[in-house]
Amino acid sequence: MAKKYELNEIEVWDGNTAVSHALRQARIDVVAAYPITPSTPIVQNYSKFLADGYIDGEFIMVESEHSAMSGCVAAGAAGARTATATSSQGFALMVEVLYQASGMRIPVVLTVADRALAAPLNVNGDHSDMYLGRDAGWINLCAYNPQEAYDLTLMAFKIAEDLDVRLPAMVHQDGFICSHTAQNVRPLSDAEAAKFVGEYKPVNSMLDISNPVTHGVQTEEDWHFEHKARQHNDLMNSKNVIKRVFDEFKTLTNREYNLVDNYKLEDADIAIVAIGTTVESARIAADKLRDEGIKAGVLGIRVLRPFPFEEIVNALSNVKAIATMDRSAPGGTFGMLFNEISGAMIGSGKSPIILNYIYGLGGRDTTIEQLIEIYRQLDDCARSNQRKYPLQQFIGLRGPKLSFF
Amino acid sequence: MTKKIRNLKELSLSNDRYEGANLMCPGCAHNIIVREVLNATDDPVVVANATGCLEVCTAVYPKTSWDTSWIHIGFENAAVAIAAVQTTYETLKKQGRLPKAAQKLADEGRDIKFVAFGGDGGTYDIGFQSLSGAFERGHNFMYVCLDNEVYANTGGQRSSSTPIGASTTTSPAGAVSYGEKMMKKSIVEIMADHGAPYVAQVSPSKWKDMIKKVQKGYEAKGPVFINAMSACTTEWRFASEDTIAVSDLGVDSCMWPLYEIINERDEHGIIYRTKLNITYRPKNKIPVEEYLAAQPRFKHLFKPENRHIIDLLQKAVDIRWENLQRREEAGV
Amino acid sequence: MAKDIKDLGWNELIPGAALFSFSEPVEDVTEVAIDERPYSPTNSHEYSVGDWRVEKPVFNRDYCIDCQFCWVFCPDISIISRDKKMIGVDYEHCKGCGICVEVCPTNPKSLLMFPEHLENEEALAKWPAKEAKK
């Protein structure tokens, strides 16, 4: 039986430490993982917990991320609670199996310390890996600080494993800026966390040898569409379970989570929409503009998938100008948030001015001043009711101004 | 628990856990191999399958041809899949959380056996990294390679198992080519060099030899590799009734020698002795030519300009056969 | 399952497309003969691949020595053998590969290929005599 880990009411943890404790407390049966910067400390900490007797389950130190996710899927099919961690190139190597995890409905939890994708090689934080996996049929939860990374990791198990969901879930945090930045974190005790996450309930376990099951079949044109439809439907409906789990967590901890994280949007004329640590920076920038009497707000995406359409539209319904902030090279089009926020607004009959900012690639710092400048452009547009700036602008870039459309 | 199989009549008492209503070609050796592997034990068996003929022909929704639990994830991950299923078994057993039926059989000393099937594509090539990793980590499972020396499922492209001279759809024989240019990869030795306790090469035509080796594999502690010759009626282009005859020609010509490599390990895992046993010695070692002549994939080698490849193959077979005998004698 | 699987809509499918071998638990499948298992509608057992054949193997009990070569080398579990005795051919699952005939060691053979349309009685009436040793 695993030893109890004595924790202080307030710990000073970086995002990786916070996540590794959440994984330990979730009492995972099988972790299969391969280290990669900046999520490596999650894997290392977990190994140390195991070495010190704090973990009952098994840890398979596989030879690649492809095998890490494959191991998780197979262990899940055999009736194990499973999880792993990765970043960047490791995430990219996993992509094939991400689709298999969701298609086979195995509730793996994947904690991602988001990082840029090569080439050129880069170890720092951006959202290229998150964007690469966004169509993989997983639930995507986004943390902005170590406390949230801890909380969302615990909640991810409860959401993913819910019998109405049975879909894998990712918990994102920004590489380095969150994963390696120590902050105050209020953990649950081991017992509270275990009780909250609950016992794992295996579904169609391969080890139930009296009921042999075939996992990972082939479906062709006569069946594939129906199965993908069912999977999409269940992912869309997982919203209700996510909200329920957020509520249960609030009852337990008094920490509140919502599908979107609204900051001063009730009366806002202009808003920044972002994911990750930039949400917290944007709040500071918004306050500075509010000091000048400009009604600025921030919408943080907490749940990227399932896409919180109604919540986004409700929060932005009276906003006149919106900045969508994409921290991933858009590869020949607009950034994902621009497309999705624009689609949501148009789909609900709204036509605010929407601009797209590409920022922070490869860990480039994004300053409060830059965010203030974005708000000033939005304010300019809102006051004149005219789009006075290009639809897509790169910010914080050396050389001539880069913009399109 | 080792099943008592003294003769074919005793083996025939086995109740297959694999269904004949599958989409494999008539005369496919894969099916014969799968049956021999599963029927070699009465312990429960759980299977992982790499993408390939066996996988696409036995689990086409909405029907399964498996009467035992089975998983397929992808082409290159059958080894880690079965390793993770086995790891789950170990931890749930330790935690007292096994499903009831599995617990009951475990209490009777009939622990689940874990088997992975992959073709030579999923084994020699795209799945090799996962296979090597799982062997290095020492998981307790048996990997059976269904070696038909070609990517049969995708229409007969060459693999690193394709022998020199074979005509495949990506190494076709033509006006200026004799077909495949590379020698076959020595997968048996490569897997033995991982330190696996038991590695063997088998042919389903020599059923007794094969059952015996599979049973040794089930008994071994650690990863076991079985390389099974799977004569492919479609890609080797022989008539479906000749599967066993062609397999026997492979064995009797020593193109497909039957042998085993045993790494004897102490309690710390240190290998103190490696033994190689040749388990079948043809009474008359027939010329390789006879084996090649039975398969139209080698037809072009009989043209005068390509005959040197037959000579080359004969030479390679003779050298290997000699080397095997030397290793056996030397006990290394 | 009341409805045929083919009639199920997307909302009625098992998540993950898992398939089940049996409709009720079977504690030890190695103790239950094929044909006697509680096959689920998602087991291929009830499928027939018999229409793949152009020729079929016909079994002649008179010459069989129950060696079981045909049983062990049949790729499709279509040689029915019970209690070490060869009983016959499962024509629902036999694809007509002809391996059983090739491996049969008796003289004359106890299994021979005949055109699919020929009745087994007719085939047995045409059975060849013992071949002289060459």
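About the thresholds
Residues numbered from 1 in each chain as written. Chains lettered and ligands numbered in written order. Predicted model: local features only at pLDDT ≥ 70, side-chain atom pairs only at ≥ 80, totals over all residues. Heavy atoms only, no water. Helix = DSSP H or I, 4+ residues; strand = E, 2+ residues; numbered from the N terminus. Rg over C-alpha atoms; globule rule 2.2 N^0.38 Å. Contact = heavy atoms within 4.5 Å. Areas by Shrake-Rupley, 256 points an atom, 1.4 Å probe, with all protein chains shown as cover. Lys, Arg positive; Asp, Glu negative; His and termini not counted. Charge placed at Lys NZ, Arg CZ, Asp CG, Glu CD. Salt bridge = Lys/Arg side-chain N within 4 Å of Asp/Glu carboxyl O. Polar contact = N/O pair within 3.5 Å; in protein donor to acceptor, adjacent residues only side chain to side chain. Phe/Tyr/Trp six-rings, centres within 6.5 Å; stacked < 30°, edge-to-face > 60°. Buried < 20%, exposed > 50% of the residue type's maximum accessible area, 1.4 Å probe, protein only. Expected span 1.5 Å × (residues − 1). Axes fitted to C-alpha atoms, helices over the stretch in contact; angles between N-to-C directions. Nonpolar A, V, L, I, M, F, W, Y, C, P; charged D, E, K, R; others polar. Right-handed = clockwise from strand over helix to strand, strands pointing away. Pairing = 2+ DSSP bridges. Buried area = accessible area lost by both parts, 1.4 Å probe. Core = buried A, V, L, I, M, F, W, Y, C linked by side-chain atoms within 4.5 Å. Parallel < 35°, antiparallel > 145°, perpendicular 65-115°, else oblique. Left-handed = near helix turned anticlockwise from the far one by under 90°. Domains from an automatic or database assignment.

A. Layout of the overall build of chain C. Of the regular secondary structure elements, chain C holds three helices and five strands. For chain C, the sequential pattern of α-helices and β-strands runs β-β-α-β-β-α-β-α. A compact globule built from 134 residues should have a C-alpha radius of gyration of about 14 Å, whereas chain C, at 19 Å, is more than 25% larger. Taking the contacts inside chain C whose residues are at least 6 apart along the sequence as the reference set, 51% of them involve residues at least 24 apart. Of the roughly 7000 Å² of accessible surface on chain C, 52% is carried by carbon and sulfur atoms.

B. Spotlight on the overall build of chain A. The helix and strand inventory of chain A stands at twelve helices and 17 strands. The C-alpha radius of gyration computed for chain A amounts to 21 Å, which stays within 12% of the reference 22 Å derived for 405 residues, consistent with globular compactness. Looking at chain A alone, contacts between residues at least 24 apart form 79% of all its contacts between residues at least 6 apart. Placing the 38 positive and 50 negative side-chain charges of chain A at their respective mean positions leaves the two points 5 Å apart.

C. The pattern of salt bridges, seen in detail. Tallied over the full model, the rule gives 59 salt bridges over all chains. Note that Lys 104 of chain B and Glu 27 of chain C form a salt bridge whose closest N and O atoms lie 2.6 Å from each other. One end of the pair, Lys 104 of chain B, is in helix H5 (residues 100-107); the other, Glu 27 of chain C, is in the loop between strand S1 (19-20) and strand S2 (55-59), on a second chain. Residues joined in a network through salt bridges with shared partners are Asp 43, Lys 104, Glu 108, Arg 110 and Lys 113 of chain B together with Glu 27 and Asp 28 of chain C.

D. View of the interface of chain B and chain A. In this assembly, 45 residues from chain B lie in contact with 43 residues from chain A. Our count for the contact surface shared by chain B and chain A stands at three salt bridges. Linking chain B with chain A are 18 residue pairs in polar contact (both at pLDDT 80 or more), by the criterion used here. Looking at the side of chain B that touches chain A, the elements with two or more residues in it are strand S1 (45-49), helix H3 (53-58), strand S2 (70-71), helix H4 (78-94), H5 and helix H7 (128-137) of chain B.

E. Fine view of the packing of aromatic side chains. Residue and element names in this part refer to chain A. In this structure the tally under the stated criterion is 21 aromatic pairs over all chains. Relative to Phe 49, the ring of Tyr 5 has its centre 5.5 Å away and its plane inclined at 80°; by these criteria the two rings are edge-to-face. Of the two residues, Tyr 5 sits in the segment before strand S1 (11-13) while Phe 49 sits in helix H2 (residues 40-51), which places them 44 residues apart along the sequence. Taking the relative accessible area as the measure of exposure, Tyr 5 reaches 24% and is therefore partly exposed.

F. Helix H12 (residues 307-330) of chain B, seen in detail. All names here are of chain B. For H12, with 24 residues, the first-to-last C-alpha span of 35 Å sits near the 34 Å given by 1.5 Å per residue. Turning to H12, the residues buried within the fold contact strand S6 (177-178), helix H8 (187-192), strand S9 (259-265), strand S10 (271-278) and helix H11 (288-293). Count one or two residues on from H12 and you reach Gly 331, which has phi positive near 65°.

G. Summary view of the packing of H4 of chain B against H7 of chain B. All names here are of chain B. Running from N to C, H4 and H7 point in directions that differ by 35°, and their axes come no closer than 7 Å. Here H4 contributes Ala 79, Val 80 and Ala 83 to the contact with H7, which in turn contributes Ser 130, Leu 131, Ala 134 and Arg 137. Residue composition of the contact of H4 with H7, by class: five nonpolar, one polar and one charged.

H. Examining the pairing of strand S6 (residues 139-142) of chain A more closely. Residues and elements named next belong to chain A. Both faces of S6 are covered, namely the face carrying Ile 139 and Leu 141 and the face carrying Asn 140 and Cys 142. For the handedness criterion, the β-α-β arrangement of S6, helix H6 (residues 146-161) and strand S7 (residues 169-174) is classed as right-handed. Sheet topology places S6 next to strand S13 (residues 303-305); two bridges connect them, and they run antiparallel. Bridging from a neighbouring strand, Asn 140 pairs with Arg 305 of S13.

I. How the structure looks around the sheet that holds S1 of chain C. Read from one edge to the other, the open sheet built from ten strands follows the order S10(B)-S9(B)-S7(B)-S8(B)-S4(B)-S3(B)-S1(B)-S2(B)-S9(A)-S1(C), with strand pairing classed as mixed. Looking at which strands have only one partner, the edges of the open sheet turn out to be S10 of chain B together with S1 of chain C. On top of the sheet, helix H2 (residues 29-39) of chain B reaches S1, strand S3 (113-119), strand S4 (142-147) and strand S8 (224-229) of chain B; it is set at about 160° to S4 of chain B, its chief contact. Its contacts with the sheet put helix H9 (residues 207-219) of chain B on S1, S3, S4, strand S7 (198-202), S8 and S9 of chain B, and the angle it makes with S7 of chain B is roughly 160°.

J. Expanded view of the interface of chain B and chain C. If you look at the interface, chain B gives 46 residues, while chain C gives 47 residues. Interface area, chain B with chain C, both sides summed: about 4000 Å², of which 60% is carbon and sulfur. Contact with chain C buries surface across chain B, with Arg 35, Tyr 61 and Lys 63 of chain B losing the most and accounting together for 17% of the total. For the interface between chain B and chain C, the tally reads three salt bridges. A salt bridge links Arg 110 of chain B to Asp 28 of chain C; the shortest N-O distance between them is 2.9 Å. Joining chain B to chain C, the criterion identifies 22 residue pairs in polar contact (both at pLDDT 80 or more). With five residues, H2 of chain B is the largest single contributor of residues to the side of chain B that touches chain C.

K. Highlighting the nonpolar core. Among the nonpolar cores identified, the biggest contains 100 residues, and Met 69 and Leu 98 of chain A together with Tyr 143 of chain B are the most heavily contacted of them. Looking at this core element by element, the count peaks at ten residues for H4 of chain B. Filtering out sequence-adjacent residues up to four positions away, Met 69 of chain A remains in contact with Thr 84, Met 94, Val 97, Leu 98, Ala 101, Val 108, Leu 110 and Trp 138 of chain A. If you look at the next biggest cluster of nonpolar residues, it comprises 76 residues, including Met 24 of chain B together with Val 26, Ile 77 and Leu 118 of chain C.

L. Quick peek at the packing of H6 of chain A against helix H8 (residues 224-253) of chain A. Residues and elements named next belong to chain A. In the contact formed by H6 and H8, the axes pass within 10 Å of each other and the chain directions differ by 130°. In terms of orientation, H6 lies oblique with respect to H8. The two elements H6 and H8 meet at a crossing, and its hand is right-handed. Each of Asp 151, Leu 152, Met 155, Lys 158 and Ile 159 in H6 lies in contact with H8, whose residues at this interface are Val 241, Ile 242, Val 245, Phe 246, Glu 248 and Phe 249. Of the residues assigned to the contact of H6 with H8, the class counts are eight nonpolar, no polar and three charged.

M. The arrangement of the side chain of Arg 81 of chain A in detail. Residue and element names in this part refer to chain A. Position of Arg 81 relative to the elements: it lies in the loop between helix H3 (65-77) and strand S4 (82-86). Residue Arg 81 is classed as buried on the basis of its relative accessible area, which comes to 2%. Of the polar contacts made by the side chain of Arg 81, one reaches the side chain of Glu 161; its length is 2.8 Å. Dropping the residues within four chain positions of it, Arg 81 is found in contact with Ala 26, Arg 27, Ile 28, Asp 29, Val 30, Phe 157, Glu 161, Val 197, Gly 198, Glu 199 and Tyr 200.

N. Looking closely at the domain arrangement of chain A. All names here are of chain A. The assigned domain composition of chain A is domain 1 (11-198 + 218-253) and domain 2 (260-404). Look at where the C-alpha atoms of domain 1 and domain 2 centre, and you get two points 27 Å apart. Listed per partner, the contact involves 31 residues of domain 1 and 29 residues of domain 2. For the pair domain 1 and domain 2, the summed buried area comes to about 2300 Å², and 55% of that belongs to carbon and sulfur atoms. Here domain 1 and domain 2 share five salt bridges between them.

O. Representation of the sheet that holds strand S3 (residues 58-61) of chain A. Residue and element names in this part refer to chain A. Taken in spatial order, the seven strands of this open sheet run S3-S2-S4-S5-S7-S6-S13, and their pairing is mixed. The open sheet has two edge strands with one neighbour each: S3 and S13. Strand-to-strand twist in this sheet, taken as the mean axis angle between neighbours without regard to direction, amounts to 20°. Direction of pairing for strand S2 (residues 30-33) relative to S3: parallel, over a ladder of four bridges.

P. Structural detail: the side chain of Ser 238 of chain A. Residues and elements named next belong to chain A. The topology assignment puts Ser 238 in helix H8. Classification of Ser 238 as buried rests on a relative accessible area of 1%. Ignoring sequence-local partners within four residues, the contact set of Ser 238 consists of Ile 139, Val 165 and Pro 306.

Q. Looking closely at the domain arrangement of chain C. All names here are of chain C. Considered domain by domain, chain C is made up of domain 1 (8-47) and domain 2 (48-125). Distance from the C-alpha centre of domain 1 to the C-alpha centre of domain 2: 28 Å. On the domain 2 side, the residues contacting the six residues of domain 1 number six residues. For the pair domain 1 and domain 2, the summed buried area comes to about 400 Å², and 47% of that belongs to carbon and sulfur atoms.

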